[in-house]
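Structural characterization, general
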Amino acid sequence: MLISGNVVYGGPALKIPAHLSFGQYIIENLKEYSVKESKVALVHGGDGQTTTYKQILQHVVNFAEGLKSHGIKRGAIVAISSENRLEFAVAAMATICCGATVTTLNPQYSQGEAKHVLSISKPTVLIASEAVLKQSLATYKEMPSIKLFIQMNGRPIDNGIVPFESVYVHVDPFDFEVGEVQGAIDTVFLLYSSGTTGLPKGVMLTHLNALYAAALLNVSPASQSRSRLLTVVPWYHAYGLMTTINNMTNGKMIVYFPGFFPEKYLHAIEKYKVDVLFTVPPMIVYFIKSPLMEKYDVSSVSVVWCAAAPLSADTIKQVMKRLPNCKGVLQAYGMTETSTAATKDFEDDPIVHKPGSGGRPLPGVYVKVVDLETRKRLGQYQKGEICIKGPVVMKGYSGDEAANREIMDEEGFLMTGDVGYYDNDGFFFVVDRIKELIKYKGYQVPPAAVENVVLQHNSVAECGVVGAPDELAGELPTAFVVVKPGHQLTEKELLEFTAKQLSPVNRLHGGVIFVNEIPKNPSGKILRRVLKQRLYEKRKSKL
């Protein structure tokens, strides 16, 4: 790691097999781990369905050969929409092995959102679970680009829908030929940005982006020793999809769920002796506060990875108390546009992990912080916009040249829209989103900082803070709060509690609104635009 010219550099770039496609990389690694017939690749934590590496290799090549017979090859786009299930992983890897592009759809998309993203990707094939098709088939049928519908499970719900296994064409894995691609320029994943500041955009990640992200898993010797991973992160989201495929290409056993079911989740840790957890912040809060933690043996957990939002030092300290053998709650920082991660904590870093930090830049990655007004590079501990350059940065947004111009600066750095700083050791800390900062009487109030204080109250399960419009002050910091079951909490009590810990500027001048849930995107980020819309509607109803 080097800091030079107010740019933090993660060290020499990794050597990547540029002659390979990501599909070739997947097949070669699945072959390697399938030699031992009993080696487990995937376990459904709910029903215990177990799939070995030998089995999943056969599934992938059979489904890929079938897709080829339907004309799927380089240039084709295949959409996948489902809860986490075996067929999702098979479909994604098979599509990649055909040389085609994978695009994923959130099953919870509204009709308008689904049409918007499908108009970006224009897939010719849509592969979905029975539950998703029952909910959204009518919407999907309105999209003229989709010529083939494949149903993952259950009896086809409509005429013309092809059952998943009927696509299979049996082939010997050692005779299977991966589709040709140009790794440096061809898109392997067409995923969607979170959309928290506007309509989702189609993020194009190349085969080399994917290969680089996979190779980064081998940078840390300590991480290579971990063998049993547990995830509930949705595979239709970049974080869930890429961490799952990348860890499978590294021979890990992945226990997965289609959602977060607390008691089943804890039981799976105990049953499968899970040593790595992939989480999002709401799960961390659960670990801290749930009495269920005491009912199960979670001593196997060595490392917890948490992405989507920074965790406070106090939060990390509390969760470590609940996981007796955990060596750290580690974080990474990035976005879909940076192949998920651009900075991260390393288990064997000689510098002790710094709570609240997203870690240091990955090898080959350059990160700078610039002044929001002048765009001048800033030094240590100076807050500004975080900008990233390197092999993890996307090819661009699909069909949106205006957005491509807006997100890249004159030095070729991707402008993240996140406000943060770095310290003397090159660790990065994210303060907040530029467009989510609350402007109170000319001061900038970071919602995440206020949320951390609110969450310290023993009766608070979740919270989200946004600015309520105000003619005099500009915006008033306002908290949406979910109270823990069985607890009682008044607005007055919470305001008094937070006022003791917040500066006058950062206090909840807009008050507290109690709700049943906080809206979040699949990666766990609070959808502040949804909360702001509720404030607007509430204000409008009073007028």
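See the structure printed just above.
These lines cover the structure that appears in this document, whether it is placed above or below. A quick note: this is a predicted structure, and the numbers were derived from the prediction, not measured.

Calculation notes
Residues numbered from 1 in each chain as written. Predicted model: local features only at pLDDT ≥ 70, side-chain atom pairs only at ≥ 80, totals over all residues. Heavy atoms only, no water. Helix = DSSP H or I, 4+ residues; strand = E, 2+ residues; numbered from the N terminus. Buried < 20%, exposed > 50% of the residue type's maximum accessible area, 1.4 Å probe, protein only. Polar contact = N/O pair within 3.5 Å; in protein donor to acceptor, adjacent residues only side chain to side chain. Contact = heavy atoms within 4.5 Å. Salt bridge = Lys/Arg side-chain N within 4 Å of Asp/Glu carboxyl O. 1 Å grid on protein atoms, 1.4 Å probe; cavity = no way out; pocket = protein on both sides within 12 Å on 5 of 7 lines; lining within 4 Å. Points joined across faces, edges and corners; volume = space filled by probe spheres on them. Core = buried A, V, L, I, M, F, W, Y, C linked by side-chain atoms within 4.5 Å. Expected span 1.5 Å × (residues − 1). Nonpolar A, V, L, I, M, F, W, Y, C, P; charged D, E, K, R; others polar. Phe/Tyr/Trp six-rings, centres within 6.5 Å; stacked < 30°, edge-to-face > 60°. Lys NZ or Arg CZ within 6 Å of the ring centre and 35° of its normal. Pairing = 2+ DSSP bridges. Axes fitted to C-alpha atoms, helices over the stretch in contact; angles between N-to-C directions.

1. Focus on the side chain of S459
Relative to the elements of secondary structure, S459 occurs in the loop between α13 (447-454) and β26 (460-470). With relative accessibility at 8%, the residue S459 sits in the buried group. Separated by 3.0 Å, the side chains of S459 and H487 make a polar contact. Discounting chain neighbours no more than four positions away, the residues touching S459 are V482, V483, K484, H487, Q488 and L489.

2. Some words on the environment of G66
Its place among the elements puts G66 in helix α2 (residues 53-69). As a C-alpha pair, G66 and V169 span 103 residues in sequence and 5.0 Å in three-dimensional space. Not counting residues within four places of it along the chain, the set of residues in contact with G66 comprises V167 and V169.

3. Quick look at the pattern of salt bridges
Counted by the stated rule, this structure contains 19 salt bridges. Note that R322 and E294 form a salt bridge whose closest N and O atoms lie 3.9 Å from each other. In this pair, R322 sits in helix α11 (residues 313-322) while E294 sits in the loop between α10 (281-289) and β15 (303-306), placing the two residues 28 residues apart along the sequence. E294 gets classed as exposed once you look at its relative accessible area, which sits at 67%.

4. Observations regarding the layout of surface pockets
Put simply, the second largest pocket is a space of about 1,300 Å³. Together, 48 residues line the second largest pocket, and N106, Y236, K520, N521 and P522 are the ones closest to its centre. Mapped onto the lining of the second largest pocket, the elements with two or more residues apiece are α4 (111-121), α5 (130-141), β10 (187-192), α10 and α15 (528-542).

5. Regarding the nonpolar core
Of all hydrophobic cores here, the largest spans 86 residues; its most connected members are F22, I56, F63, I150 and F189. Looking at this core, the element that brings in the most residues is helix α3 (residues 86-97), giving ten residues. Ignoring sequence-local partners within four residues, the contact set of I56 consists of L30, A41, L42, T51, L86, V90, M93 and M248. Core analysis: the next-biggest nonpolar cluster, separate from the first, contains 41 residues, V232, Y239, V301 and W305 among them.

6. Let's talk about helix α1 (residues 22-34)
An ideal rise of 1.5 Å per residue puts 18 Å on 13 residues; α1 measures up with 18 Å between its terminal C-alpha atoms. Counting buried residues in α1 gives ten out of 13 residues, a clear majority hidden from the surface. When α1 is considered as a whole, its buried residues turn out to be F22, G23, Y25, I26, I27, N29, L30, K31, Y33 and S34. Of the surrounding secondary structure, the elements contacted by the buried residues of α1 are α2, α3, β10, α6 (207-215) and α8 (238-248).

7. Here's the deal with empty space enclosed by the protein
One pass over the full model with this rule turns up three cavities of 30 Å³ or more. Taken as a whole, the largest cavity holds about 40 Å³ of empty space. Lining the largest cavity are F88, A89, A92, M93, W235, L241, T244, I245 and M248. Of all the secondary-structure elements, those providing two or more residues to the lining of the largest cavity are α3 and α8. A class-by-class count of the residues in the lining of the largest cavity yields eight nonpolar, one polar and no charged.

8. Some words on the packing of aromatic side chains
This model, assessed by the stated rule, comprises 19 aromatic pairs. Aromatic pair F22 and Y25: ring centres 6.0 Å apart, planes at 15°, arrangement stacked. Remark: Y25 and F22 occur in helix α1; sequence separation between them is three residues, near one turn of the helix. When sorted by exposure, F22 lands in the same class as Y25, which is buried. An aromatic cluster is built from F257, F260, F261, Y265, Y286 and F287, whose rings are joined through pairwise contacts. We note K264 situated over the ring of F261; from NZ or CZ to the ring centre the distance is 5.7 Å.

9. Remarks on the side chain of S21
Within the fold, S21 resides in the loop between β2 (7-9) and α1. Residues within four places of S21 in sequence aside, it is in contact with V178, G179, V181, H207 and L211.

10. Remarks on the sheet that holds β2
Sheets are built from strands that pair by backbone hydrogen bonding, the pairs being arranged parallel or antiparallel. Within the open sheet, the six strands sit side by side as β1-β2-β19-β20-β22-β23. Their pairing is antiparallel. Here the strands that pair on one side only, and so sit at the sheet edges, are β1 (2-4) and β23 (428-433). Sheet twist, expressed as the mean angle between neighbouring strand axes with direction ignored, is 35°. Two elements, strand β22 (residues 414-422) and β23, share five bridges in a ladder whose sense is antiparallel. Each bridged residue has a counterpart across the sheet, and for Y422 the counterpart in β23 is F428.

11. A look at the pairing of β26
Within β26, eight of the eleven residues are buried, which leaves it mostly tucked inside the rest of the structure. Judged from the ten bridges that link them, β26 and strand β27 (residues 474-483) form a sheet pairing that is antiparallel. When the bridges of β27 are listed, C463 appears paired with V481. Hairpin connection between β26 and β27: a loop of three residues separates the two successive antiparallel strands.

12. As for the packing of α1 against α6
The N-to-C vectors of α1 and α6 enclose an angle of 35°; their axes lie 9 Å apart at closest approach. Residues F22, G23 and Y25 of α1 form the contact with α6, whose own contacting residues are H207, A210, L211 and A214. Considering only residue class, the contact of α1 with α6 consists of five nonpolar, two polar and no charged.

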